[in-house]
Amino acid sequence: MAAAPSTLRELPVELWLQIFRWATISSSTPGFYATKYRPFEEIDFHGFDEATSTKRALVLVCKQWRRWATPLLYEDVLLPRERNPLNRMLSYDDEADEGASIPPHMVRRVHLPYSSTNTSSWKPLGPVTQLARCPSVEVLVRTADMFDTAEYEFETECPPLPTLKRLDWWHHNEAARTGGINSLPHVLGQAPNIEYLSIGGEMWASYLYAPPVQLPNLTTLRLRRVNACFVLQLCRWTLPALTHLVFDHAQGTELYEPLWEAFGAQVRSVELGVSLKFAVHDFLGAAVFARCPALEEVNYYVHFTHPPCADRVLESLRTVGLHASPTSFYEAKSPEFWAHLEKHFEAFNEAQFPSLQRVKLYGDWSGVYICHMS
């Protein structure tokens, strides 16, 4: 036991870095940095990684650990408008004393609330200048404050974002008038390598005349809560690589008719989120199966979704993913519970889906297994 401290000091730096990396991965970490579609990826658009407290603790142990753990601490940052601790970080100087400042290339994810980009003055926005100094940002999050009283009077700009691969965007009508970093089309125009886009908000009709967008690398589009104007705006975009659609909510099947008309033929997978609105109407049968002729995969929360009824044969479907997240709508193991599950499994029959190869089960199905085995 006495040799343990000496042994630890003799570990190679690469191993220490690997230990720190694994120690600072929480259940929410993958969702914050994901740029590719993964079924049932849980994303907290307003939160921060649970592992942040661990990162803060590591940098306080000693100078050596601080040097090793600092890149982890600053990979996910918030850019507020005033008293920004990143001001010093982003003024990195190669000649500065080691550890005196932080290179901005450490930043991978930036959370930029609209309160940080209000334009009550003509002066350049500090957070936008700081964002421009971060050359390795892969994820940008724009969120609206619940009680936002900021003023948006002057135009602003958006820096080039060539490394950005994912954008989580909540539309703000007042802010969008100022363009630049507050305008979705302007930001997308500066980020040609976007692969994952999640959007939400109630768009005014006046924004329908915004310039159309071209995103040659976008593969995943996630719709959180949008209105008809937002959907119509999307349908004017050019998205040749779009293959994955994720619906967090659904206001009604008719709202998305223009979306299916524009992109339904190229969609390969669709996911439905945790919303009981999907249990009211047959969104799968009436919209997804009917309007996506090349659909290969569908994922949904079985207890939150109406059993599908396909009115035609869908030969392309190969994979069905079912998540067992519970709901109070059906009491577990009640007759209604079993009847609901039975309808879902009966829906995917060989006559309607002749190419179906696998049904993947996500979440906790142990209660169903135990009851079935008994």
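Residues numbered from 1 in each chain as written. Predicted model: local features only at pLDDT ≥ 70, side-chain atom pairs only at ≥ 80, totals over all residues. Heavy atoms only, no water.

A closer look at the packing of aromatic side chains
Scanning the model with the defined rule gives 19 aromatic pairs in all. Look at Trp16 and Trp65: their rings are 5.4 Å apart centre to centre, the planes differ by 55°, and that puts the pair in the tilted class. You can see Trp16 sitting in helix 2 (residues 13-23) and its partner Trp65 sitting in helix 5 (residues 63-73), a full 49 residues away along the chain. Using a relative accessible area of 22% as the deciding quantity, one classes Trp65 as partly exposed. Ring centres 6.3 Å apart and planes at 55° place the aromatic pair Phe20 and Trp68 in the tilted group. In this pair, Phe20 is assigned in helix 2 and Trp68 in helix 5, connecting sequence segments 48 residues apart. Summarising the burial analysis for this pair, Phe20 and Trp68 share the class buried. One aromatic cluster is present, built from ring pairs that chain together Phe247, Tyr256, Trp260, Phe278 and Phe283. Positioned over the ring face of Tyr196 is Arg166, at 5.3 Å from the centre of the ring. (Phe/Tyr/Trp six-rings, centres within 6.5 Å; stacked < 30°, edge-to-face > 60°. Helix = DSSP H or I, 4+ residues; strand = E, 2+ residues; numbered from the N terminus. Buried < 20%, exposed > 50% of the residue type's maximum accessible area, 1.4 Å probe, protein only. Lys NZ or Arg CZ within 6 Å of the ring centre and 35° of its normal.)

Focus: the confidence of the model for the chain
Per-residue pLDDT for the chain has a mean of 86; in total, 89% of the residues score no lower than 70. Note on residues 81-86: pLDDT is under 50 here. Beyond four places in sequence and across chains, it has 12 contacts. (pLDDT = per-residue confidence, 0-100. Contact = heavy atoms within 4.5 Å.)

Re the sheet that holds strand 4 (residues 166-170)
Strand order in the open sheet formed by 11 strands is 1-2-3-4-5-6-7-8-9-10-11, and the pairing between neighbours is parallel. Both edges of this open sheet fall to strand 1 (76-78) and strand 11 (358-362), since each of them pairs with a single strand only. On average, each strand axis in the sheet is tilted by 10° relative to the strand beside it, whichever way the strands run. The sheet contact formed by strand 6 (residues 220-226) and strand 7 (residues 244-247) spans four bridges and is parallel. By the bridge assignment, Leu221 is partnered in strand 7 with Leu245. (Pairing = 2+ DSSP bridges. Axes fitted to C-alpha atoms, helices over the stretch in contact; angles between N-to-C directions.)

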